[in-house]
Amino acid sequence: MAKTTRTVPITQIILDEEIYPRSGVYPKRVSMFAENMRDGFEIDPIEVQIHPDYIEKYRILDGAHRWHAYKEIGATEIPVHIITLDGLDPLLYAAQKAIGPLQLSEEEARTTARRAYENNPRLTSFEIGQAIGRSRQTVDAYIADLRASFQMDLDLKIFRMNRLGISQERIAMRFDALQRTISNHLAKMPELANLLNTDLSRGFTVVQVAEKHGWTEPMVWSLSLEGKDDLERFKELNWGLRTWDLWNWNDCDKRFGDDWPGRIPAQMIAHILYYFSHQGGLVIDPMAGGGVVADTCLAFNRKCWSFDMEDRPDTRPEIEPYFWDFDDLKWPIKGKTKPNLIIFDPPYFKKQSNNYDPDAISGLSKEQYLEFLESFFALAHQNAKKSTRIAFVNADWRDFQNTPADNEIRVNSILINDYLRILNQSGWQETHIFQAPLSSERFKANVVSAMQKKRIIGVTSRYIIISKKK
Ligand SMILES: C[S@@+](CC[C@H](N)C(=O)[O-])C[C@H]1O[C@@H](n2cnc3c(N)ncnc32)[C@H](O)[C@@H]1O
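All values derive from a computational prediction rather than experimental measurement. (Residues numbered from 1 in each chain as written. Predicted model: local features only at pLDDT ≥ 70, side-chain atom pairs only at ≥ 80, totals over all residues. Heavy atoms only, no water.)

Asks: Would you mind going over the pairing of strand β9 (residues 341-344) in detail, with residue names and values included?
Replies: A regular strand places its side chains on the two faces of the sheet in alternate fashion. The side-chain alternation of β9 yields two buried faces, one formed by L341 and I343 and the other by I342 and F344. Judged from the 2 bridges that link them, strand β6 (residues 282-285) and β9 form a sheet pairing that is parallel. Each residue of the ladder has a partner; that of V283, found in β9, is L341. Of the pairings in the sheet, the one linking β9 to strand β10 (residues 389-394) comprises 4 bridges and is parallel in character. By the bridge assignment for β10, F344 is matched with F392. (Buried < 20%, exposed > 50% of the residue type's maximum accessible area, 1.4 Å probe, protein only. Helix = DSSP H or I, 4+ residues; strand = E, 2+ residues; numbered from the N terminus. Pairing = 2+ DSSP bridges.)

Encoded structure:
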C-alpha cells in the first residue's frame, strides 16, 4: 500500500456510496470538525483513492465527516493522502478505518459484509470480519445465503465446462482455483443431474427444467438427449437435416448461443457436427463470440474448447479469453490434445467491425487480414491430426457500397477463391463447400430499391469450406 500527500480541489473529491460503510453521516461529528477547523486546529488529511470510473476524481476511503466539514466552512482545496490499495478491497479498507472512532451498527456491518462478499466472493469470513469488527461466525451468518447461491452458480459453471470436456486443469486455471476444489464441485454433479432427470422423466419440458434449476437450456438438452444418436437429436430439437450442399435458415435458433454480432445459426453448427465429427470428439472454436458452437456441442455430445478475445467469465466461463496476436500467433493448447474438428468463424473482414474490439482482426487491412488467416491456417495445420477437419465460415467481401456491379474493382474484394488459395498454401485441401447464405430479408425495402436503381449487388453469400490436411 502506498501513500502520497497533496492538496486537491474539494470538487474533485467524491463520497462514493459503493465504498462507504455507514448508512449516513453524523451531523454532530461534522459540526465538531467544522468548529475545530475554524479555530485553526490541525486536522489529519482525509484518505482518498483515485476514482476507478471518473477522470480526475478521487473517492473517500476515510474522512467523510471531515470532508463535509470542509465544505461547511467553504474550503476550496483540502489536504489528502492518496492511497494506492494494491488489491486490498476499498470497501473493507474504508470499513476498517471507520470503526476506529466508532463501531459499525449491526445493520451497517451486515450490509458492508454482504456488499464486500458480492464484490469479491473470494474474501473469507475472517478477512471481512477483521475489517468490520465482527467475528468470523457472525460474518458467516450475514452472508450464508449469498455464499450458497455463489457456490451453486459455480457448480453449474464447472459442470458445464466439464460436460464440454474441458480438462480439470484448464477449469482450475479459469477460476484461479485448486484442482482439488474443482473435483469437489464435480463430485456433486451426479446428484444434481439426478434431480433434473427426475423432472424430465415426469414430463417437464427442457425450458421448464432449465428455469426451475437455473441451468442453461443447452445444458438441460445435454442431459435430456443423453444416449441418443445424432439423428434422434436433430428430431428432438425440431431441426430438419439438410442432405444437400445448400444450408439456409431464416433465423438463428435463439435457444443456442447469445445475441452476438455475427452470430451464426446453431442449425449450421449441428450440420457441420453431424457430417464431420462423432460423439465424444473434440471441437475447437478459436473465435467463439456468443458461444453457439459450445452450446450446440452440448446438445450433440461433442467436447468443445472455445476461445475469444472478449472475456465474459460470469456468463461464458467456457470461452477462454485468448487473443490471437497477428504479430505473434500461438496455439493456446499445449501437450498432446489435438482437435477432431476446428470450427473457425472469424469476423468477415470489415463486416461488423464497429461491433468488435478495435484490436479484433476486423481492424486489419485487407492484406494483413489475409496474412493473418494464412498464418492461422498454418498454425492450425501444425496442431491438427491427419484426420482433423477445419470448417471455415466466411463470406464474399465485395466493394459494393455505392458501386454499380460493373464498376466494382476486384483487388478491393475478397472472394471465396482467395480463401481457397490461402487454405491450400497453408497445407489444407478443401473437400466440401456449403452455401449457407444470410437471409436477404435483413435488407430494408427502400435500400433494396436504391440498390436496384444504381445496379448494386449486395452480399448475402456465406460459405462453409471444409478442409482436410493434404
Ligand atoms: C463472427 S464472430 C463469432 C461469432 C460466433 N460464431 C457466434 O455465432 O456467436 C468473431 C469473433 O472473433 C473475435 N475476434 C476477432 N479478432 C480476434 C482476435 N484477434 N483474437 C481473439 N478473438 C478475436 C471477436 O471478438 C468475435 O467474437
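Asks: I'd love a proper account of the UniProt feature "domain: ParB-like N-terminal" (unreviewed entry) in the protein chain, names of residues and values included.
Replies: This chain's UniProt record puts "domain: ParB-like N-terminal" (unreviewed entry) on residues 6-99. When the span residues 6-99 is considered, its composition is 32% helix and 26% strand, and the gap between its end C-alpha atoms is 25 Å. (UniProt positions renumbered as here; feature names shortened; annotations may be inferred.)

Asks: Talk me through the site of the ligand; I want residue IDs and the actual numbers.
Replies: Residues in close proximity to the ligand total 21 residues, the closest being I264, G290, D308, W324 and D345. In the model, a nitrogen atom of the ligand is placed 3.2 Å from a nitrogen or oxygen of the M309 main chain. Here a nitrogen atom of the ligand sits 2.7 Å away from a polar atom, N or O, in the side chain of D345. Protein contact buries 99% of the 610 Å² of open area that the ligand shows by itself. Put simply, the ligand lies in the largest pocket. The residue inventory of the shell around the ligand, partitioned by class, reads 14 nonpolar, 3 polar and 4 charged. (Near = heavy atom within 4 Å. Polar contact = N/O pair within 3.5 Å; in protein donor to acceptor, adjacent residues only side chain to side chain. Areas by Shrake-Rupley, 256 points an atom, 1.4 Å probe, with all protein chains shown as cover. 1 Å grid on protein atoms, 1.4 Å probe; cavity = no way out; pocket = protein on both sides within 12 Å on 5 of 7 lines; lining within 4 Å. Sits in = over half its atoms within 2 Å of the grid points. Nonpolar A, V, L, I, M, F, W, Y, C, P; charged D, E, K, R; others polar.)

Asks: For the domain arrangement of the protein chain, give the residues involved together with the corresponding values.
Replies: In terms of domains, the protein chain is made up of domain 1 (2-143) and domain 2 (228-469). Taking only C-alpha atoms into account, the centre of domain 1 sits 50 Å from that of domain 2. (Domains from an automatic or database assignment.)

Asks: Which residues make up the sheet that holds β10, and what are the values?
Replies: Note: strands within a sheet are paired through backbone hydrogen bonds, in either parallel or antiparallel orientation. With mixed pairing, the 7 strands of this open sheet are ordered in space as β8-β7-β6-β9-β10-β12-β11. Every interior strand has two partners, whereas the edge strands, β8 (319-321) and β11 (428-435), have only one. On average, adjacent strands in this sheet sit at an angle of 20° to one another, irrespective of strand direction. Docked against the sheet, helix α13 (residues 266-276) engages β6, β9, β10, β11 and β12 (463-469), running at close to 155° with respect to β9. Contacting β9, β10, β11 and β12, helix α15 (residues 366-382) crosses the sheet at an angle of about 165° to β10. (Axes fitted to C-alpha atoms, helices over the stretch in contact; angles between N-to-C directions. Contact = heavy atoms within 4.5 Å.)

Asks: Let's hear about the sheet that holds strand β3 (residues 46-50): which residues, and what values?
Replies: In space, the 5 strands of this open sheet follow the order β1-β5-β3-β4-β2, with mixed pairing throughout. The sheet terminates laterally at β1 (2-9) and β2 (13-14), the two strands that pair on one side only. The sheet contact formed by β1 and strand β5 (residues 77-84) spans 8 bridges and is antiparallel. Directly across from K3, in β5, lies its bridge partner I83. Contacts from helix α2 (residues 64-72) reach β2, β3, β4 (58-62) and β5 within the one sheet, and its direction differs from that of β4 by about 125°.

Asks: Tell me about the nonpolar core, and please be specific about residues and values.
Replies: With 93 residues, the main nonpolar core has I272, F372, F376, F377 and I464 as its most contacted residues. A per-element tally of this core places α15 first, with 8 residues. Setting aside residues no more than four positions away along its own chain, F376 makes contact with P286, W324, L329, W331, F344 and I390. Membership of the second largest hydrophobic core comes to 23 residues, among which are L92, A98, I132 and Y142. (Core = buried A, V, L, I, M, F, W, Y, C linked by side-chain atoms within 4.5 Å.)

Asks: Provide a residue-level description of the environment of Q12, including the pertinent values.
Replies: With respect to the helices, strands and loops of the structure, Q12 is situated in the loop between β1 and β2. Spatially, the C-alpha atoms of Q12 and E56 are 6.6 Å apart, while their sequence positions differ by 44 residues.

Asks: Tell me about the pattern of salt bridges, residues and numbers included.
Replies: Enumeration over the complete set of coordinates arrives at 29 salt bridges. Salt-bridge contacts for K254 lead to D251; the nearest nitrogen and oxygen are separated by 3.3 Å. A relative accessible area of 57% places K254 in the exposed class. What makes D251 partly exposed here is its relative accessible area of 45%. Here the residues in one salt-bridge network are R160, D258, D295, R312, R316 and E318, joined through shared partners. (Salt bridge = Lys/Arg side-chain N within 4 Å of Asp/Glu carboxyl O.)

Asks: Provide a residue-level description of the packing of aromatic side chains, including the pertinent values.
Replies: For the coordinates displayed, the defined rule picks out 26 aromatic pairs. In this structure an aromatic cluster arises from ring pairing among F307, Y322, W324, W331, F344, F372, F376, F377, F392 and Y419. (Phe/Tyr/Trp six-rings, centres within 6.5 Å; stacked < 30°, edge-to-face > 60°.)

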